[in-house]
Amino acid sequence: MSRPAPAPDRLILIGVFGAPQGVQGAIRVKSLTRDPKAIGAYGSLTDGQRGRTFAFESLRPLKDDMLAARVKGVSTREAAAALTGVEIFARRDQLPPPSDDEFYYDDLVGLDAVDKAGAPIGRVVSLVNYGGGDILEIAPAGGGETLLLPFTKRVAPTIDFDAGRIVIEPPREVEDEG
């Protein structure tokens, strides 16, 4: 599996601002990075659509993936509260390259989903996790409702970035529905 060549300016969601922390402008941040404090290592981050940028002045762990942050230019509780719920993105080229047997989930978006015989199933539109494990969302080739499949080695045994595809072997329950 060779490395995908994603667009360097593609935005990757890496965190979400939470509620203010205290009265002097600190704010909670839910980090989506493997090491929560790594969110501070990527430099200037953005909110994506509005074009605002954010730089962390300091980060301290609160619990699990939650941090208390000082954001440059945010010095009041009101300013911190205005950021509540804002998603934080890094450009793909700000992230470190994954090791040989790893990839970023975002690199799967846009891959063609095919069955083991190579017949088209659809295209990967996202990878989500609602708490019960990672789920591949695939837009069917013929249109209709997206398919939601567990992202496991059994269901997605092969990822071929060179060919731009992921091989899907749907669980028996999905195969029997049609």
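Residues numbered from 1 in each chain as written. Predicted model: local features only at pLDDT ≥ 70, side-chain atom pairs only at ≥ 80, totals over all residues. Heavy atoms only, no water.

(A) Quick peek at the overall build of the protein chain. For the protein chain, the helix and strand inventory stands at two helices and 13 strands. A principal-axis box enclosing the C-alpha atoms of the protein chain has dimensions of 60 × 30 × 30 Å. By residue count, 37% of the 178 residues in the protein chain fall in the buried class. Taking as baseline every contact in the protein chain between residues at least 6 positions apart, the subset at least 24 positions apart corresponds to 52%. A total accessible area of about 10,400 Å² is found for the protein chain, and carbon and sulfur atoms account for 50% of it. Charged side chains in the protein chain number 21 positive and 26 negative. The centres of these two groups are separated by 8 Å. (Helix = DSSP H or I, 4+ residues; strand = E, 2+ residues; numbered from the N terminus. Buried < 20%, exposed > 50% of the residue type's maximum accessible area, 1.4 Å probe, protein only. Contact = heavy atoms within 4.5 Å. Areas by Shrake-Rupley, 256 points an atom, 1.4 Å probe, with all protein chains shown as cover. Lys, Arg positive; Asp, Glu negative; His and termini not counted. Charge placed at Lys NZ, Arg CZ, Asp CG, Glu CD.)

(B) Spotlight on unusual backbone geometry. Its identity is not glycine, yet Asp64 carries a phi of approximately 50°, on the positive side. Tracing the chain through its elements places Asp64 in the loop between β5 (56-63) and β6 (66-71). Judged by its relative accessible area of 66%, Asp64 is exposed.

(C) Structural detail: the pairing of strand β1 (residues 11-20). Bridging between β1 and strand β7 (residues 87-91) involves five bridges; their strand directions are antiparallel. Each bridged residue has a counterpart across the sheet, and for Ile12 the counterpart in β7 is Ala90. Relative to strand β2 (residues 27-31), β1 is paired through four bridges, and the arrangement is antiparallel. Bridge pairing in β2 places Phe17 opposite Val29. Adjacent in sequence and paired antiparallel, β1 and β2 are bridged by six residues, among which Gly22 carries a positive phi angle near 90°. (Pairing = 2+ DSSP bridges.)

(D) Representation of the side chain of Asp107 within the structure. Following the sequence through the fold, Asp107 ends up in the loop between β7 and β8 (112-114). For Asp107, a relative accessible area of 6% puts it in the buried group. In terms of polar contacts, Asp107 uses its side chain to reach the side chain of Arg92, at 3.0 Å. (Polar contact = N/O pair within 3.5 Å; in protein donor to acceptor, adjacent residues only side chain to side chain.)

(E) Examining the pattern of salt bridges more closely. On inspection of all chains with the given rule, the structure shows six salt bridges. Taking the shortest distance from any N to any O, the salt bridge between Asp112 and Arg123 comes out at 3.0 Å. Residue Asp112 is located in strand β8, and its partner Arg123 is located in strand β9 (residues 120-129); the two are separated by eleven residues in the primary sequence. (Salt bridge = Lys/Arg side-chain N within 4 Å of Asp/Glu carboxyl O.)

The values are spatial; any link to function lies outside them.
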